[in-house]
Amino acid sequence: MPPLAERLRPQTLDHYIGQKHLVGEKAILRQMIESGRVASFILWGPPGVGKTTLAKIIANKLDRPFYTLSAVTSGVKDVREVIEKAKTSRFFSQVGNPILFIDEIHRFSKSQQDSLLGAVENGTVTLIGATTENPSFEVITPLLSRCQVYVLKPLDNGDLLELANYAIKTDSELKNREIVFEETESLLRYSGGDARKLLNILELVVDSETDDKVVFTNEIVTERLQQNPSAYDKDGEMHYDIISAFIKSIRGSDPDAAIYWLARMVAGGEDPKFIARRLVISAAEDIGLANPNALLLANACFDALQKIGWPEGRIILAEATVYLASSPKSNSAYLAIDEALALVERTGNLPVPLHLRNSPTKLMKDLNYGKNYKYSHDFPNHFVEQQFMPDELTKERIWKVQNNPTESKLGDWLRALWKGRF
């Protein structure tokens, strides 16, 4: 018998739970599916949130040839064979372009993605891709420009409880048992927004009970899962806990702890590029101007990892991790952009001062655009004091110098220029 998650896979949008922003009433994907006019798109979201299910609903709803490839098992040859089949079926079809669904499209190499371009561009196929990774990093730009990207979110607790109740009421195996959700905290926490994981846990607990009545409590769920503390689930809660510990160890200047959590991720099969991206973010967010070289090294780590590959890439990640954890820390840039965004939210679209405006036409010059602007390089030290903020914000201070050698030097320099402003 198929697992519960497969038995409950919805065939129509009426039984699809979650992603209301995409499939709710008048939402974009619902309108697309119900109208039958489907353009190429990529579904981006974590595991178990309904990407493959949406593709299968489209296959059921539309009277079109529908082809499926898995990027894990398919190569360029498979892609070309499907495209040739699509050309033939398109010739005989009167109902629209064939649809090609590619699961885990982020695993396709550049050459495999290149082989799709012509067929997508000329309409031989309508492409639907599914990915758990950021398409900006994993999908080539020419292909990405031909597809709309729709972001799927982890299911919230309401969605998960709706799914659990739907399962016990409709599944042929579960509806014959008396199932009571006395406590749901552990069930929801271990599910982590993943519908498939929720249904797997539900089935596991029910199957482990011999009585007709099954009562879900936090203790029973935890006990039945029998989780190994050293296990690493790169798709679930442990994934987020360990990356959190990794980043906080770097922020806390503990290279031993940082390298330990890195080893946990490497041993658990985490995607190296995911780790490298988090290092780049950490370099900007937590180290920042205290050591600007940290961002350069983190970015070099990301580039080198893609050139070197695995397993040697672990050494590159280790070097960047130790360097970042050992660097002085500053979050002044992080605080500055958030404060600036809050200021923009409060004050709205304030006008740009006239002397700072672009003046490419005579009319703009006549309106004093750019008038009295002082070109900084024409003055000593390449600086002259003038107003750069909107009139209403001239007294606002956004970037605050923090106490580290690098920023102290920057602060001294700016104070000398602006006579006490910083």
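Structure: above.
Residue indices begin from 1 for each chain and proceed along its sequence in written order. At least 70 in pLDDT is required for a residue's local features to be given in this predicted model, at least 80 for side-chain atom pairs to be given and counted, and no such filter applies to totals for whole chains, interfaces and linings, which use all residues. Hydrogens and water are ignored here; the side-chain numbers use all heavy atoms of the structure.

Across its full length, the protein carries 20 helices and 7 strands. For a compact globule of 422 residues, the expected C-alpha radius of gyration is about 22 Å, and the protein comes in at 27 Å, more than 25% above that figure. When accessible area is computed with a 1.4 Å probe and restricted to protein chains, residues below 20% of their type maximum are described as buried, those above 50% as exposed, and intermediate ones as partly exposed. Buried residues in the protein amount to 41% of all 422 residues. Only the protein chains shown count as cover for residues, and the accessible areas themselves come from Shrake-Rupley with a 1.4 Å probe. Just so you have it, the protein exposes about 23,000 Å², and 53% of that area is on carbon and sulfur atoms. In this tally, Asp and Glu contribute negative charge and Lys and Arg positive charge; neither His nor the terminal groups of the chain are included. Charge positions come from single atoms, namely NZ of Lys, CZ of Arg, CG of Asp or CD of Glu. The protein carries 50 positive and 55 negative side-chain charges, and their two centres are separated by 8 Å. The secondary structure listing takes helices from DSSP runs of H or I that are at least 4 residues long and strands from runs of E that are at least 2 residues long, numbered from the N terminus. A radius of gyration in this sense is built from C-alpha atoms; the matching globule rule multiplies 2.2 Å by the number of residues raised to 0.38.

Pairs were defined over the aromatic rings of Phe, Tyr and Trp, the Trp ring being its six-membered one, requiring ring centres within 6.5 Å. Orientation was assigned from the angle between planes: stacked under 30 degrees, edge-to-face over 60, tilted for the rest. Counted according to the given criterion, the structure contains 4 aromatic pairs. With a centroid separation of 5.5 Å and 65° between ring planes, the pair formed by Phe41 and Tyr150 is classed as edge-to-face. Taken together, the residues Phe41 in strand 1 (residues 41-44) and Tyr150 in strand 5 (residues 148-151) connect sequence positions 109 residues apart. On the basis of relative accessibility, which here comes to 1%, the residue Phe41 falls in the buried class.

Turning to the pattern of salt bridges, a few remarks are in order. Salt bridge, as applied in this entry: a Lys or Arg side-chain nitrogen positioned within 4 Å of an Asp or Glu carboxyl oxygen. The full count for this structure, using the stated rule, is 19 salt bridges. As a salt-bridge pair, Arg224 and Glu223 come within 3.0 Å of each other at their nearest N and O atoms. A salt bridge links Asp286 to Arg251, with the nearest nitrogen and oxygen atoms 2.8 Å apart. Highlighted residues: Asp286 in helix 15 (residues 272-287) and Arg251 in helix 13 (residues 237-251), separated in sequence by 35 residues. Judged by its relative accessible area of 7%, Asp286 falls in the buried class. Connected via shared salt-bridge partners are Glu133, Glu138, Lys273 and Arg277.

Let us look at a negative patch on the surface. Together, Glu182, Glu183, Glu185 and Glu219 line one region of the surface with negative charge. Relative to the elements of secondary structure, Glu219 occurs in helix 12 (residues 218-225). Residue class for Glu219 comes out exposed when judged on its relative accessible area of 61%. Residues forming no salt bridge and having over 30% relative accessible area are the ones grouped into patches, like charges within 9 Å of each other and nonpolar side chains (Val, Leu, Ile, Met, Phe, Trp, Tyr) within 5 Å.

Here we come to the environment of Val206. Assignment of secondary structure puts Val206 in helix 11 (residues 195-208). For the pair Val206 and Ala55, spaced 151 residues apart in the sequence, the C-alpha separation amounts to 30 Å. Should any heavy atoms of two residues lie within 4.5 Å, those residues are counted as being in contact. Residues contacting Val206, with those up to four places away along its chain left out, are Leu174, Arg177, Ile179, Val214 and Phe216.

The subject of this paragraph is helix 3 (residues 28-35). Within helix 3, burial applies to Leu29, Arg30, Met32 and Ile33. One side of helix 3 holds all its buried residues, which, seen down the axis, span an arc of 165°. At its buried positions, helix 3 is contacted by helix 2 (20-23), strand 1, helix 4 (51-61) and strand 5. Two residues or fewer past helix 3, Gly36 is found with a positive phi of approximately 80°. Arc, as used here, means the arc of the directions from the helix axis to the C-beta atoms.

Here we take up a nonpolar patch on the surface. There is a patch of nonpolar side chains on the surface, built from Tyr373, Tyr375 and Phe388 and spanning about 330 Å² of accessible area. Judged by its relative accessible area of 41%, Tyr373 falls in the partly exposed class.

With that settled, the discussion passes to the sheet that holds strand 4 (residues 126-131). Here 5 strands make up an open sheet; going across it, the order is 2-3-4-1-5 and the pairing parallel. The open sheet has two free edges, formed respectively by strand 2 (66-70) and strand 5, since each of these has just one partner strand. Across this sheet, the average inter-strand angle for adjacent strands is 20°, counted without regard to direction. Two strands pair if DSSP finds at least two bridges between them. Pairing between strand 2 and strand 3 (residues 99-103): 5 bridges, direction parallel. By the bridge assignment, Phe66 is partnered in strand 3 with Ile99. With axes taken as lines fitted to C-alpha atoms, and helix axes fitted only over the stretch in contact, angles between N-to-C directions fall between 0 and 180 degrees.

Further remarks concern the side chain of Ser191. Position of Ser191 relative to the elements: it lies in helix 10 (residues 185-191). What makes Ser191 buried here is its relative accessible area of 1%. Other than its neighbours up to four places away in sequence, Ser191 contacts Leu160, Lys197, Leu198 and Ile201.

With that out of the way, let us pick up the packing of helix 3 against helix 4. Where helix 3 meets helix 4, the axes come as close as 9 Å, and the angle between the chain directions of the two elements is 25°. With respect to their mutual orientation, helix 3 and helix 4 come out roughly parallel. Together, Leu29, Ile33 and Glu34 of helix 3 and Leu54, Ile58 and Lys61 of helix 4 make up the contact between the two elements. Of the residues that constitute the contact of helix 3 with helix 4, the class distribution is 4 nonpolar, no polar and 2 charged. In these notes the angle categories are as follows: under 35 degrees is roughly parallel, over 145 is roughly antiparallel, 65 to 115 is roughly perpendicular, and the rest is oblique. Asp, Glu, Lys and Arg are counted as charged, while Ala, Val, Leu, Ile, Met, Phe, Trp, Tyr, Cys and Pro are counted as nonpolar; the rest, among them Gly, fall into the polar class.

Here the focus is the nonpolar core. Side-chain atoms within 4.5 Å are what join buried Ala, Val, Leu, Ile, Met, Phe, Trp, Tyr and Cys residues into a set we call a nonpolar core. Judged by nonpolar contacts, the single largest core of 47 residues is most densely connected at Leu29, Phe41, Leu54, Leu174, Leu199, Leu202 and Phe216. When neighbours within four sequence positions are excluded, Phe41 is seen to be in contact with Leu29, Met32, Ile58, Leu127, Ile128, Gly129, Cys147, Gln148 and Tyr150. With 24 residues, the next largest nonpolar core counts Ile275, Ile287, Phe302 and Ile316 among its residues.

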